[in-house]
Amino acid sequence: MRLEKCYVCSSTIYPGHGAMFVRNDSKVFRFCRSKCRKNFNMKRNPRKLRWTKAFRAAAGKELVVDSSFAFERRRNRVEKYDREVVATTLRALPTIDKIKSARQKDFYKTRMVTRVKETRKDALRELATGADIVQPLIVRQKIAERKDVAVQQMEEEVARIEE
């Protein structure tokens, strides 16, 4: 069973699903759903469509360069199979999956560090702009009293300086 990749969104196309477009020069484009086919017909660039894997890779949202992805690559050349190589590869696949998932989690954590800082800044900015709404009445009164006292002290100092 051969699983193909969608030309636009890079999702998996299972046998009997999707659509295919064959150009005059015999280049084949496969699409997983009509959304992808229509975007291709409108000549849209997959790297600029935010919902595609190509966009996520181009924008640095996904881990793109990693040695564990070499196992998923499609190879068009015929290879001679050796039972020992196949057996060792099959035994190595679970560990490769573990390594790949660990690297993806690490990549996600490092990418989210800046996002957490941004959300904290946004939250503090939001609190600063709407502090009068958040603060209870008693706290507002205390702040107003402190301001009045500070203003009186400043006026007294100004009066002393003027004398």
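The paragraphs below set out a description of the structure included in this document. What you see is a predicted model; the values in this text were computed from it and never measured.

Within the protein, the regular secondary structure consists of 5 helices and 4 strands. Going from N to C terminus, the protein has its helices and strands arranged as β-β-β-β-α-α-α-α-α. The burial tally for the protein puts 14% of its 163 residues in the buried class. Accessible area for the protein stands at about 14100 Å²; split by element, carbon and sulfur atoms hold 55% of it.

Attention now moves to the pairing of strand 3 (residues 19-22). Alignment of strand 3 against strand 4 (residues 28-31), held across 4 bridges, turns out to be antiparallel. Its bridge partner lying in strand 4, methionine 20 is registered against arginine 30. Connecting strand 3 to the antiparallel partner strand 4 that follows it, the hairpin turn spans 5 residues, and serine 26 within it adopts a positive phi of roughly 70°.

Here we come to the pattern of salt bridges. This structure, assessed with the given rule, holds 4 salt bridges. Residue aspartate 25 is joined to arginine 23 by a salt bridge in which the shortest nitrogen-to-oxygen separation is 3.1 Å. Exposure remark for arginine 23: the relative accessible area of 36% places this residue in the partly exposed category. Among the salt bridges present, the one from arginine 115 reaches glutamate 118, with a minimum N-O distance of 3.5 Å. Of the two residues, arginine 115 and glutamate 118 are both situated in helix 3 (residues 83-129); the distance of 3 residues between them amounts to about one turn of the helix.

What follows deals with the nonpolar core. With 10 residues, the main nonpolar core is built from Cys6, Val8, Cys9, Ile13, Phe29, Phe31, Cys32, Cys36, Phe40 and Leu49. At the level of secondary structure, the elements contributing two or more residues to this core comprise strand 4 and helix 1 (34-41). If we ignore the near neighbours within four places in the chain, the residues touching valine 8 are Phe31, Cys36, Phe40, Pro46, Leu49, Trp51 and Thr52.

The rules behind each value
Residues numbered from 1 in each chain as written. Predicted model: local features only at pLDDT ≥ 70, side-chain atom pairs only at ≥ 80, totals over all residues. Heavy atoms only, no water. Helix = DSSP H or I, 4+ residues; strand = E, 2+ residues; numbered from the N terminus. Buried < 20%, exposed > 50% of the residue type's maximum accessible area, 1.4 Å probe, protein only. Areas by Shrake-Rupley, 256 points an atom, 1.4 Å probe, with all protein chains shown as cover. Pairing = 2+ DSSP bridges. Salt bridge = Lys/Arg side-chain N within 4 Å of Asp/Glu carboxyl O. Core = buried A, V, L, I, M, F, W, Y, C linked by side-chain atoms within 4.5 Å. Contact = heavy atoms within 4.5 Å.

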